[in-house]
Amino acid sequence: MEIKVTRATQTGTRPKDADLGFGTAFTDHMFVMEYAMDKGWHDARIEPFSDFSMSPAAMVFHYGQAIFEGLKAYKTADNKIHLFRARDNFKRMNRSAKGLCIPELDIDFVLDALKQLVKLEERWIPETLGTSLYIRPFIIATDPFLGVRSSYTFKFFIILCSVGAYYAEGFNPVKIWVSKDHVRAVRGGVGEFKTAGNYAASLSAGEQAKKQGFAQVMWLDALEMKYIEEVGAMNIFFIINGELVTPNLSGSILPGITRYSVIALAQKWGMTVSERKISIDEIFSASENGTLTEVFGSGTAAVISPVGEIRYGEKTIHIGDGTPGKTAMKFYDALTAIQYGTAEDTENWVEVIG
Ligand SMILES: *Cc1c(COP(=O)(O)O)cnc(C)c1O
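Just so you know, these numbers come straight off a predicted model, no measurement behind them. (Residues numbered from 1 in each chain as written. Predicted model: local features only at pLDDT ≥ 70, side-chain atom pairs only at ≥ 80, totals over all residues. Heavy atoms only, no water.)

**Considerations on the domain arrangement of the protein chain**
The extent of an interface is frequently quoted as the accessible surface area lost upon association of the parts.
Item 1. On domain assignment, one finds that the protein chain holds domain 1 (4–164) and domain 2 (174–339).
Item 2. Summarising the inter-unit geometry, the C-alpha centres of domain 1 and domain 2 are found 27 Å apart.
Item 3. Every contact between the two is made by 19 residues of domain 1 and, on the other side, 17 residues of domain 2.
Item 4. Buried surface at the junction of domain 1 and domain 2, both sides included, amounts to about 1700 Å², of which 62% is carbon and sulfur.
Item 5. Among the residues of domain 1 in contact with domain 2, F68, F84 and R92 are the three that bury the most area, contributing 36% of the side total.
Item 6. Between the two partners, domain 1 and domain 2, sit zero salt bridges. (Domains from an automatic or database assignment. Contact = heavy atoms within 4.5 Å. Buried area = accessible area lost by both parts, 1.4 Å probe. Salt bridge = Lys/Arg side-chain N within 4 Å of Asp/Glu carboxyl O.)

**Re the nonpolar core**
Item 1. One finds F31, F90, V118 and F156 to be the most contacted residues of the largest nonpolar core, which totals 49 residues.
Item 2. Ranked by the residues each element gives to this core, the list is headed by helix α3 (residues 107–120), at eight residues.
Item 3. Residue contacts for F156: discarding those within four places in its chain leaves F31, V32, M33, W41, F90, M93, L105, V110, P137, F138 and I139. (Core = buried A, V, L, I, M, F, W, Y, C linked by side-chain atoms within 4.5 Å. Buried < 20%, exposed > 50% of the residue type's maximum accessible area, 1.4 Å probe, protein only. Helix = DSSP H or I, 4+ residues; strand = E, 2+ residues; numbered from the N terminus.)

**Focus: the pattern of salt bridges**
Item 1. Summed over all chains, the structure comprises 19 salt bridges.
Item 2. One salt bridge connects R123 with D28, and the closest N-O pair in it is separated by 2.7 Å. In this pair, R123 sits in the loop between α3 and β8 (132–141) while D28 sits in the loop between β2 (25–26) and β3 (29–36), placing the two residues 95 residues apart along the sequence.
Item 3. Using a relative accessible area of 9% as the deciding quantity, one classes D28 as buried.
Item 4. Note that R45 and D43 form a salt bridge whose closest N and O atoms lie 3.5 Å from each other.
Item 5. By relative accessible area, which is 15% here, R45 ends up buried.
Item 6. For D43, a relative accessible area of 44% puts it in the partly exposed group.
Item 7. Linked by salt bridges that have partners in common, E34, D43, R45, E47 and K155 make up one network.

**Concerning empty space enclosed by the protein**
Item 1. Tallied over the entire structure, the rule returns one cavity of 30 Å³ or more.
Item 2. By volume, the largest cavity is sized at about 80 Å³.
Item 3. Looking at the largest cavity, the residues that line it are L71, K72, Y74, F84, N89, I257, T258, T300 and Q339.
Item 4. If you list the elements that add at least two residues to the lining of the largest cavity, you get β6 (71–75) and α5 (257–268).
Item 5. The element best represented in the lining of the largest cavity is β6, accounting for three residues. (1 Å grid on protein atoms, 1.4 Å probe; cavity = no way out; pocket = protein on both sides within 12 Å on 5 of 7 lines; lining within 4 Å. Points joined across faces, edges and corners; volume = space filled by probe spheres on them.)

**A word on the pairing of β3**
Item 1. Counting buried residues in β3 gives eight out of eight residues, a clear majority hidden from the surface.
Item 2. Side chains H29, F31, M33 and Y35 project from β3 onto one buried face, and the interleaved M30, V32, E34 and A36 project onto a second face that is buried too.
Item 3. In the sheet, β3 pairs with strand β4 (residues 40–48) via seven bridges, with the strands oriented antiparallel. Each residue of the ladder has a partner; that of A36, found in β4, is G40. (Pairing = 2+ DSSP bridges.)

**What to know about the site of the ligand**
Item 1. With respect to spatial proximity, 14 residues lie near the ligand, and among them K194, Y199, E230, T258 and T300 are the closest.
Item 2. Between an oxygen atom of the ligand and a side-chain N or O atom of Y199, the distance comes to 2.5 Å.
Item 3. When the free accessible area of the ligand is taken as 380 Å², the share hidden by the protein chains comes to 96%.
Item 4. The cavity that encloses the ligand is the largest pocket.
Item 5. A breakdown of the residues in the shell around the ligand according to their chemical character gives five nonpolar, five polar and four charged. (Near = heavy atom within 4 Å. Polar contact = N/O pair within 3.5 Å; in protein donor to acceptor, adjacent residues only side chain to side chain. Areas by Shrake-Rupley, 256 points an atom, 1.4 Å probe, with all protein chains shown as cover. Sits in = over half its atoms within 2 Å of the grid points. Nonpolar A, V, L, I, M, F, W, Y, C, P; charged D, E, K, R; others polar.)

**Topic: the packing of aromatic side chains**
Item 1. In the structure shown here, the tally under the stated rule is 20 aromatic pairs.
Item 2. Seen in terms of ring centroids, Y35 and W41 are 5.3 Å apart; in terms of plane orientation they differ by 65 degrees. Their pairing is edge-to-face. Both residues of the pair, Y35 and W41, belong to the buried class.
Item 3. Ring plane angle 25 degrees and centroid distance 5.0 Å describe the contact between W269 and F331, whose orientation is recorded as stacked. Placement of the pair is W269 in the loop between α5 and β15 (273–275) and F331 in helix α7 (residues 326–339), with a sequence separation of 62 residues.
Item 4. We classify F331 as buried; its relative accessible area is 0%.
Item 5. Ring pairing ties together the aromatic residues F31, Y35, W41, F109, F154 and F156, which thus form one cluster.
Item 6. When the ring centre of Y152 is taken as reference, the NZ or CZ atom of R149 above it lies at 3.6 Å. (Phe/Tyr/Trp six-rings, centres within 6.5 Å; stacked < 30°, edge-to-face > 60°. Lys NZ or Arg CZ within 6 Å of the ring centre and 35° of its normal.)

So this is what it looks like as structure tokens:
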């Protein structure tokens, strides 16, 4: 399929690196294509980033048939563009598509489209270490129909925005709150897919956490409310007795690309890694007996996010001494070095564009 390119006649200005936040500085162009049953995915194009019109009856507004991805492109010191594990993101998108009855994508085609779009928007990729170009592919159901079924038509987009350094104020441990009243997802549901509704379902708990001074919610499993699943929209890791422990993918946990990357590096470094059920009680007793030395989250936005405090009911534990753990730092440094091209890409995770 050919990609038709329409250049923007008016272009924006990229904010200064220091003024960049997250999710507001959109680039000049976007990639779009449509799906219809008789045509498959068609009408692929790169066009000016702009509002578009849709029927108020479009199914996505009513029943939430929508999936998305999040990944980043980085500018290296020698002026190359690095994409980090983009193929894995599109593979995951296809798994989400299957889960939400959305037609799958041709991964090679959308990867090429993404590279073409990023190349065109090169000037929007900030250069300071820690900044990047955030990439948001997404698919929405567009049938103007109020009956409940899977849509027959869809739209796929890739939009881009320049984003600032996540740790502009320093790599500081955050406080997290374990909710006893909320669950994010349940086995058999859509927790393992990147779908909009999972985020809508997490908002109320997130607001309660913020009101009490916590940065994120730690989610327990929905069946027994005992086992740890994720933190906010990040996967979670613990170091207990020197071993790296993370919840196994149970069906209600999002399989993070950063999670896979942390596990791969840990194994390569000779650490013992265990993916298993891990209860909140185990974490609190490991803290009491001194075997819990580090806790950190993993995700594309922050890469690694150290956790310094966990609150569960009336009990609070503190991890470390208020500074990031050395293993969390080591993962952060190793991953960002590969992303920004200051270390060799030994795992073949990077694609160079252009
Ligand atoms: C996207 C996401 C993650 C992190 O995945 P990465 O691929 O590492 O960015 C973790 N949990 C949830 C719920 C997510 O939506």
